[in-house]
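So the chains spell out like this:
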Amino acid sequence: MKTEDDQTAPIIRFHERGHFQTNLRDEIIKSIESGTPRSVIVYQYGVSRSTLCDWMRNHGSKDYQAKQGGSDLTEIEKRSIVRQIEQGVLSPHAARKTHGMSGSTLNKWLKASLKENVELAVYDPFEMKDKAVDQPDLADPEKDALKKALEDAQLKISALNTLIDVAEEQFKIKIRKKAGARQS
């Protein structure tokens, strides 16, 4: 037999799959911020996980969002973690476990690091041509033989490309793969 104390406030929605009332939403947000697992909230109130994420992002307290966002690490610490991963000292899995971050956060940091360092790894073929590389160890006959082999290889490549072009034109089929084609 239920007493008045056992009665809980009904979950009020405008219809079965409709919006929750704002006071109930705020109560759920407070309970999550106080440490209630989201799986309990999902089971208890019938709210989807994605809805909880949206509520926490849009209506959660600034302190909770700052704690969840991994912003408690300074830029220097973030760069240190990325550098350790790039050098192979730390695996991505170990970094996530050690610092309590998600894989997407870590991937974001790694991509940002690549964008920052892209100008360091730029290859400029014109700059390389200007710098003539002298190989003092090779004798003149060896250099001549290497140059001849290079010329032969370039001639062979151009002959094969011409052969492919003629075959594509005569048989009306595409032999070369497209640049964006998936490899099987």
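Scroll up a little and you will see the structure.
Residues numbered from 1 in each chain as written. Predicted model: local features only at pLDDT ≥ 70, side-chain atom pairs only at ≥ 80, totals over all residues. Heavy atoms only, no water.

1. Side note on the overall build of the protein chain
Then, number 1: If you tally the helices and strands in the protein chain, you get 9 helices and 0 strands.
Then, number 2: When its helices and strands are written in sequence order, the protein chain yields α-α-α-α-α-α-α-α-α.
Then, number 3: If you take every contact in the protein chain between residues at least 6 apart in sequence, the share linking residues at least 24 apart comes to 34%.
Then, number 4: Within the structure as shown, the protein chain displays about 15,700 Å² of accessible surface, and the carbon and sulfur contribution to it stands at 55%. (Helix = DSSP H or I, 4+ residues; strand = E, 2+ residues; numbered from the N terminus. Contact = heavy atoms within 4.5 Å. Areas by Shrake-Rupley, 256 points an atom, 1.4 Å probe, with all protein chains shown as cover.)

2. Digging into the pattern of salt bridges
Close approach of charged atoms allows side chains with opposite charge to pair.
Then, number 1: Scanning the entire structure with this criterion turns up 4 salt bridges.
Then, number 2: For the salt bridge of R25 with D26, the shortest nitrogen-to-oxygen distance reads 3.4 Å.
Then, number 3: Between D152 and K148 there is a salt bridge whose closest N-O contact spans 3.6 Å. Of this pair, D152 and K148 are both found in helix α9 (residues 140-171), 4 residues apart, which corresponds to roughly one turn of the helix. (Salt bridge = Lys/Arg side-chain N within 4 Å of Asp/Glu carboxyl O.)

3. Notes on the nonpolar core
Then, number 1: Counting 12 residues, the largest nonpolar core is built from F20, L24, I28, I29, I32, I41, Y45, V47, L52, W55, M56 and Y64.
Then, number 2: Broken down by secondary-structure element, the contributors of at least two residues to this core are α1 (22-33), α2 (38-45) and α3 (49-59).
Then, number 3: No other element matches the 4 residues that α1 contributes to this core.
Then, number 4: Leaving out residues up to four positions away in the same chain, L52 has contacts with I28, I32, R38, I41, V42 and V47. (Core = buried A, V, L, I, M, F, W, Y, C linked by side-chain atoms within 4.5 Å. Buried < 20%, exposed > 50% of the residue type's maximum accessible area, 1.4 Å probe, protein only.)

4. Details of the side chain of R25
Then, number 1: Mapped onto the elements of the fold, R25 is located in helix α1.
Then, number 2: Ignoring anything within four residues of it in the chain, the contact list for R25 reads W55 and H59.

5. Focus on the environment of S158
Then, number 1: In this fold, S158 is placed in helix α9.
Then, number 2: Overall, the relative accessible area of 36% leaves S158 in the partly exposed class.
Then, number 3: From its side chain, S158 meets the backbone oxygen of L155 in a polar contact 2.9 Å long. (Polar contact = N/O pair within 3.5 Å; in protein donor to acceptor, adjacent residues only side chain to side chain.)

These values are about where atoms sit, not about what they do.
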